[in-house]
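# Inside the fold
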Amino acid sequence: MHIWSWSGFFDYLFNPFLLEGALTTLWLTAASLAFGLVLGVALALMRLSGNRAVSAIAAGYCWLFRGTPLLVQLLIIYTGLPLFGIRFSVTQAALLGLSLNEAAYLSEIVRAGILAVGKGQKEAGTALGLSKVQVFRTITWPQALRIIIPPLGNSVNGLLKTTSVASVISMEELLRRTQILIQEKFMVLELFIAAACWYLVMTTCWELVQRRLEARYGRAFASDAADRR
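None of the values given here were measured: they were computed from a predicted structure.

## Points about the overall build of the chain
Counting secondary structure elements, the chain contains nine helices and zero strands. Reading the chain from its N terminus to its C terminus gives the helix and strand order α-α-α-α-α-α-α-α-α. With the C-alpha coordinates of the chain rotated into their principal frame, the extents come out at 75 × 55 × 25 Å. When burial is assessed residue by residue, the chain has 40% of its 229 residues classed as buried. A fraction of 75% describes how many contacts in the chain between residues 6 or more apart in sequence connect residues 24 or more apart. Summed over all atoms, the accessible surface of the chain reaches about 13100 Å², with 65% contributed by carbon and sulfur.

Okay, here's the thing in structure tokens:
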């Protein structure tokens, strides 16, 4: 019977192989967020478009990717698409699957933030002679961003942990490398707790960054609220 080993836990907590997996998790999260956010903003603008066909396409995309498990999406991309001659490497499939899935959720966050900005402010900008693009860039987006950041931060936190799903297609992120070490060393509990510690470190660091972002973008609005008092 295996007994807990503190020496084994600390050895694997700082194991270079495991740390490389944590770094892979970080860059996979960052890249998926970047691509997902760009696509998410585009989808949100499509949903808000006056063109019904464009809006329906964006709504259908969100319905599909929000209504099916990420695990299934990854397996289809990595093992299903090759049947039609479309092949991706493990890294490409993981990045594509995570980005497409994240975009569906981020689009709803962005859309809600834009809708929260009063129509009167947009109309005032138009009355001043600003184009629709200028109104969006100088009036709508700065105010929407303040509303978007808190739920966006929660999505990043979730995405950090969701990258572990990519282990099913052999993406060597933190969880996959933990599983590889377990097969070699049979220290199941020590290695899983070591991995959990690194997930906690990454999510905690992001929470600190998120607080700074919320404080920074909410500062001007807090000052205005104080002045009105």
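From this point, things continue past the structure.
## As for the pattern of salt bridges
The tally for this structure, following the rule as stated, stands at four salt bridges. The partner of arginine 177 in a salt bridge is glutamate 172, and the shortest N-O contact between them spans 3.1 Å. By relative accessible area, which is 33% here, glutamate 172 ends up partly exposed. Salt bridges sharing common partners tie together Glu20, Glu172 and Arg177.

## Some details on the packing of helix H2 (residues 16-47) against helix H8 (residues 174-185)
If you want to describe how two helices pack, look at the angle between their axes and the distance between the axes. At their nearest, the axes of H2 and H8 sit 7 Å apart, and the two run at 160° to each other. Taken together, H2 and H8 sit at an angle that is classed as roughly antiparallel. Facing H2, whose interface residues are Phe17, Leu18, Glu20, Gly21, Ala22 and Thr25, H8 presents Leu174, Arg177, Thr178, Ile180 and Leu181. Of the residues in the contact of H2 with H8, the class split is six nonpolar, three polar and two charged.

## Let's talk about the nonpolar core
Counting 25 residues, the largest nonpolar core has Leu28, Leu33, Ala94, Ile148, Ile169 and Met171 as its most contacted members. Mapped by element, the contributors of at least two residues to this core are H2, helix H4 (70-80), helix H5 (90-115) and helix H7 (132-162). Counting residues per element, this core draws most heavily on H5, which supplies nine residues. Residue contacts for isoleucine 148: discarding those within four places in its chain leaves Ile109, Val110, Gly113 and Trp141. In this structure, Leu13, Ala22, Leu160 and Ile182 belong to the second largest nonpolar core, which totals 17 residues.

## Overview of the environment of leucine 26
By the element assignment, leucine 26 lies in helix H2. According to the relative accessible area criterion, leucine 26 is partly exposed, its value standing at 38%. Each C-alpha atom, one on leucine 26 and one on leucine 128, is 44 Å from the other, the two residues being 102 residues apart in sequence. Sequence-distant contacts of leucine 26, defined by excluding residues within four places in its chain, comprise Leu160 and Met202.

## What to know about the environment of valine 156
Note that valine 156 resides in helix H7. Its relative accessible area of 5% is what places valine 156 among the buried residues. Valine 156 sits 91 residues away from phenylalanine 65 along the chain, and the two C-alpha atoms are 17 Å apart. For valine 156, the residues in contact, after removing those within four places along its chain, are Thr29, Leu33 and Trp206.

## Looking at the packing of H2 against helix H3 (residues 52-67)
Close contact between H2 and H3 brings their axes to 7 Å; oriented N to C, the two are set at 130°. Looking at the two axes, H2 sits oblique to H3. Handedness of the crossing formed by H2 with H3: left-handed. Judged by residue contacts, Leu39, Leu43, Met46 and Arg47 of H2 engage Val54, Ser55, Ile57, Ala58, Ala59, Tyr61 and Cys62 from H3.

Definitions and limits used
Residues numbered from 1 in each chain as written. Predicted model: local features only at pLDDT ≥ 70, side-chain atom pairs only at ≥ 80, totals over all residues. Heavy atoms only, no water. Helix = DSSP H or I, 4+ residues; strand = E, 2+ residues; numbered from the N terminus. Buried < 20%, exposed > 50% of the residue type's maximum accessible area, 1.4 Å probe, protein only. Contact = heavy atoms within 4.5 Å. Areas by Shrake-Rupley, 256 points an atom, 1.4 Å probe, with all protein chains shown as cover. Salt bridge = Lys/Arg side-chain N within 4 Å of Asp/Glu carboxyl O. Axes fitted to C-alpha atoms, helices over the stretch in contact; angles between N-to-C directions. Parallel < 35°, antiparallel > 145°, perpendicular 65-115°, else oblique. Nonpolar A, V, L, I, M, F, W, Y, C, P; charged D, E, K, R; others polar. Core = buried A, V, L, I, M, F, W, Y, C linked by side-chain atoms within 4.5 Å. Left-handed = near helix turned anticlockwise from the far one by under 90°.

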